[in-house]
Structures are given as C-alpha cells and as structure tokens.
Amino acid sequence: VVFGPPQAGAGGAGSVDVLSLGCGGEITLYFDAPGIVDRPGPDFIVFENPLPVGDSTFVEPARVLVSADGLAWHAFPCDPAGEHPPVGCAGVARVFAGPQNMIDPTDPATAGGDAFDLAQLGLASARYVRLLDVGEAYYQARTWCGGGGGGFDLDAIAVVHEGA
C-alpha cells in the first residue's frame, strides 16, 4: 500500500490507503538503484495523512532517517516534544498530490507532504529511508495509540531527485 503515488483526500487530508505503524512503530524502505541523490532543494517527500481540524491539523509525526548502505543511519532533526507542529518531522504537512487531481507528487512546491533534503545531513545519496513513529512523545500520552490506525500512517514516499 505504500508503493505508488500518494492518495490525496479532500482538503489535503491524505487518504485511508495507508500503512499504520502503530505507536513507536517503524518501517524501513529500500530504493533500487539509482536511489535518492542530493541535488538543489528537497530530494524526497514523505506523505502521511494529516487531518484538517478547523484551522489546525491533527498530525501523527515520525522521525526520518536515511542510509546509503543500511548500516550507517543519519537522522533529520525532529523534536516531537518541541514546537507544535513538530518541525523537521514527517507526517505534519497536508497531502495535495494524487492520481485523481494530476498534481505531481515529486513537485515540492505543489505536492504537499514533508520534503527532506540530503544536503541537510551532508549526504550525497541514500538507498534506505526509515520512519519511526514519535506520536507518543509529541502528545505526551498514548491517547492516539489505540486500534489498528494508531501512530504514523505512511501513504507514500516520492523521490524528487534520483541518480543519473
């Protein structure tokens, strides 16, 4: 369900066509050659399904780590107990791209989702992306952990810059 383009819902809500990690859950995705490469601007976008609630958004954030070899991991800064919404985490920005509306999921300017730039970590490329749910740390409670839909809900990851 995490392969293919994101499935934008009404008003940037994302979809229910997602993989729920559960509170504290994680997933690691491997990208075939050429993988993700660093070029100017964001190199990949992570899509969750944040839900619009009035003037705000209900989020289930995740920490994002990348690796070139699956052994040495590099984490993007994400402080779930800090700012609200948590800056640097995935699962914060609404989703606008989807096959039904013809918005390109690899266009950081229009796609929505949370964009990440390998240059921020000093990396030239990555073949692995790992997402770690940090919702419990963000909410300081297990309130949103129940049921099969608790925790970060991965819709898709779009590679903006792949190797040549």
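Note: the structure precedes this text.
### Focus: the nonpolar core
Grouped together as the largest cluster of nonpolar side chains are 22 residues, with contacts concentrated most on Phe44, Val46, Val129, Leu131, Leu154 and Ile157. Those elements giving two or more residues to this core turn out to be β2 (26-30), β4 (44-47), β7 (62-67) and β11 (128-133). It is β7 that provides the largest number of residues to this core, a total of three residues. Beyond its immediate chain neighbours, meaning those up to four positions away, Val46 contacts Ala90, Gly113, Asp114, Phe116, Leu131, Phe152, Leu154, Ala156 and Ile157. In terms of nonpolar packing, the next biggest core, distinct from the first, is built from nine residues, Ile45, Val95, Ala156 and Val160 among them.

### Considerations on the state of the cysteines
The tally for this structure, following the rule as stated, stands at one disulfide. A sulfur-sulfur distance of 1.9 Å marks the disulfide that ties Cys78 to Cys89. Negative torsions about the S-S bond denote left-handed disulfides, and the value of about 85° found for Cys78 with Cys89 makes this one right-handed. Within this pair, whereas Cys78 is found in the loop between β8 (74-75) and β9 (114-116), its partner Cys89 is found in the loop between β8 and β9, the two being separated by 11 residues in sequence. No difference in accessibility class separates Cys78 from Cys89, as the two residues are buried.

### Side note on the packing of aromatic side chains
Going through the model one piece at a time under the given rule, you end up with seven aromatic pairs. Among the aromatic residues, those joined into a cluster by ring pairs are Tyr30, Trp73 and Tyr128. The ring centre of Trp73 lies 3.9 Å from the NZ or CZ of Arg130, which sits over that ring.

### Examining unusual backbone geometry
Cis geometry is adopted by the peptide bond preceding Pro34, which originates at Ala33 and carries an omega value of 15°. Tracing the chain through its elements places Pro34 in the loop between β2 and β3 (36-37). Here the phi dihedral of Met102 falls at roughly 65°; this positive angle occurs in a residue that is not glycine. Inspection of the secondary structure puts Met102 in the loop between β8 and β9.

### So, the sheet that holds β7
Adjacent strands of a sheet form backbone hydrogen bonds with each other and so pair up, either parallel or antiparallel. Sheet architecture is open: four strands sit in the order β2-β11-β7-β8, paired in antiparallel fashion. For this open sheet the edge positions go to β2 and β8, each flanked by a neighbour on one side alone. Direction of pairing for β7 relative to β8: antiparallel, over a ladder of two bridges. Bridge pairing in β8 links Leu65 to Ala75.

### With respect to the pairing of β7
Taken across its six residues, β7 has five buried, putting it largely inside the fold. Relative to β11, β7 runs antiparallel, the two being bridged by six bridges. Within the sheet, the bridge partner assigned to Ala62 lies in β11 and is Asp133.

### Focus on the sheet that holds β4
Strand order in this open sheet of three strands is β9-β4-β13, and the pairing throughout is antiparallel. Single-partner strands in this sheet number two, and they are β9 and β13 (156-159). Averaged over all adjacent pairs, the angle separating strand axes in this sheet is 20°, with direction ignored. Summarising the sheet, β4 and β13 pair through four bridges and their orientation is antiparallel. When the sheet's bridge partners are listed, Phe47 is paired in β13 with Ala156.

### What to know about the pairing of β11
Side chains of β11 alternate between two faces, with Val129, Leu131 and Asp133 buried and Tyr128, Arg130 and Leu132 left unburied. Pairing of β2 with β11 involves five bridges; the strand directions are antiparallel. Among the inter-strand pairings, Thr28 is bridged to a residue of β11, identified as Arg130.

Definitions and cut-offs
Counting starts from 1 at the beginning of each chain's written sequence and moves along it residue by residue. Since the coordinates come from a predicted model, pLDDT governs what is reported: local features require at least 70, and pairs of side-chain atoms require 80 or more to be given and counted, while whole-chain, interface and lining totals use all residues. As a rule here, side-chain values cover all heavy atoms of the structure and leave hydrogens and water aside. Put simply, a nonpolar core is a bunch of buried Ala, Val, Leu, Ile, Met, Phe, Trp, Tyr and Cys residues held in one set by side-chain atoms that sit within 4.5 Å of each other. Only protein chains enter the calculation, and the probe is 1.4 Å; a residue is then buried if its accessible area is under 20% of its type maximum, exposed if over 50%, and partly exposed in between. Secondary structure elements are taken from DSSP: a helix is a run of H or I of four residues or more, a strand is a run of E of two residues or more, and numbering for both begins at the N terminus. Contacts are assigned to residue pairs with any non-hydrogen atoms lying within 4.5 Å of each other. Disulfides are defined in this document as cysteine sulfur pairs within 2.5 Å. Stacked, tilted and edge-to-face pairs are distinguished by plane angle, under 30 degrees for stacked and over 60 for edge-to-face with tilted covering the rest, among Phe, Tyr and Trp rings (Trp via its six-membered ring) whose centres lie within 6.5 Å. Our definition puts a charge over a ring when NZ of Lys or CZ of Arg is within 6 Å of the ring centre and also within 35 degrees of the ring normal. Any two strands between which DSSP finds at least two bridges are classified as paired. Here an axis means a line fitted to C-alpha atoms, over the contact stretch when the element is a helix, while the angle between two N-to-C directions is reported on a 0 to 180 degree scale.

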